[in-house]
Amino acid sequence: MKVLVCNVGSTSLKFKLYDMPAEHVQVQAYVERVGSVDNAIYTYTNWETGEVVKKDGLSVPSYTEGIQLFLEDLLHETRGVLTDIAQIEAIGFKTVLSKGHYGVHELTDEVLQGMNDYMAVAPAHNAPYLEAIYVFREMLPQVKLIGSFETAFHQTIPMSQSLYAIPYEWYETYGIRRMGYHGASHGHVAATLEAREGAADKVVSCHLGGSCSITAIDGGKSLNNSFGFSLQAGVFHNSRVGDMDAYIIPYLLKQGMTIDEITYGLEKNGGLKGISGVSNDLRLVEEAAHAGNARAALAVQMFIESIASYVGSYMVQMGGLKHLVFTGGIGENSESVRRGVCEKLAFMGLKLDEEKNQSKDKDKVISADDSAVKVHVIPANEELGIARNVYRECNQ
Ligand code: ADP
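Conventions we followed
Residues numbered from 1 in each chain as written. Predicted model: local features only at pLDDT ≥ 70, side-chain atom pairs only at ≥ 80, totals over all residues. Heavy atoms only, no water. Salt bridge = Lys/Arg side-chain N within 4 Å of Asp/Glu carboxyl O. Helix = DSSP H or I, 4+ residues; strand = E, 2+ residues; numbered from the N terminus. Pairing = 2+ DSSP bridges. Axes fitted to C-alpha atoms, helices over the stretch in contact; angles between N-to-C directions. Contact = heavy atoms within 4.5 Å.

(A) A look at the pattern of salt bridges. Taken as a whole and assessed by the stated rule, the structure comprises 14 salt bridges. Here Arg283 ties to Asp281 by a salt bridge, and the two come within 2.9 Å at their closest N and O atoms. Here Lys356 ties to Asp369 by a salt bridge, and the two come within 3.8 Å at their closest N and O atoms. Separated by 13 residues along the polypeptide, Lys356 in helix H14 (residues 354-358) and Asp369 in the loop between strand E13 (364-365) and strand E14 (374-377) bring together distant segments of the chain.

What follows is the structure in structure tokens.
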């Protein structure tokens, strides 16, 4: 069964074509700068032959042209892998949030309406996904479109952890509760530990990238996730704020700021960027911190402390910690963030092996053999989790 996985960004499209259930990647492609009429970049890799095609200066004014570029290459006589586009049985999307639909679902009108209903909660994600999904529906009406929602892995979080202590009617009327996101990534961590360690028990998984979230996993199931109702909560992100006192917003409104100004600040001018004043990219913030920039150093320190606090809180919830996992662009690459978090947990017998921490391997165990907690770096592979979900959904 051929499953195409599609990751839609506001200006990008990422594709991976899987042969399932073998989990064999046949083709990967990336369209950057969707929306540009003369400056888009396109990369296509045939994993079977190793052929890579890279084009730039392209006109890709909308998702339609980006999808067309890719579909033409899938059928190309040398670098293509399909003879008929109908060989694709299903397309899986890393969709984020749909009101009333939190698992893995065929993208029917009702599920798409649910995405529309929660547009204000995840505008940066739901808007581009809806646009791209409608293009696929029109171009490939015979193919099943499946949304593997980022909330899916977190459906096992108990009510006592997902409710806020708000007026109960807000939960009943508006559905306000913690959702849990980054499900494809944390689900992949759980599946990887189950395969390697025999079980995913008492695990804290830290997905640290442009967006960051921490998840408690026990018995292979999610028990908590640091995101909230929206993707704004928890550990702070590259430019999004993370946890803060809800009363700050009415206070700022009363000071005369508009809701748009406040929202812009929360989304674009907070997080690493807001504190450091340098960048939303941790590499640049770390460089500035090393060069003596005090705000950059403070941002890195706050980031590490906030991650460690979540680890501590989830340890209490699970009654212990056996595995600590780092994944995502920062988790996989920043040895100093990993070291900082591990140092905070040294009091409980967690011992980092600094040589392993600094080794160039992307997939590794970085704790010492006599550490009380095993610390892993596991490369994020959200697409594989989605391909598995789609395969399961189509074959149940
Ligand atoms: P996204 O969440 O957008 O998918 P990624 O998971 O790819 O992003 O993570 C991107 C982030 O990873 C960058 O913003 C950067 O801060 C961080 N990053 C990547 N490489 C390094 C590195 N060598 N050192 C520190 N941070 C890094």
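Still more to cover.
(B) Local environment of the sheet that holds strand E3 (residues 24-32). The strand order across the open sheet built from eight strands is E5-E4-E3-E2-E1-E6-E8-E7, with neighbouring strands paired in mixed fashion. Bordering the open sheet on either side are strand E5 (52-58) and strand E7 (104-106), each of which pairs with just one other strand. Direction aside, neighbouring strands of the sheet carry axes that sit 20° apart on average. Sheet analysis places strand E2 (residues 12-19) next to E3, joined by eight bridges and oriented antiparallel. For Phe15, the partnering residue across the bridge sits in E3 and is Ala29. Contacting strand E1 (2-8), E2, strand E6 (88-93), E7 and strand E8 (144-148), helix H15 (residues 382-395) crosses the sheet at an angle of about 125° to E8.

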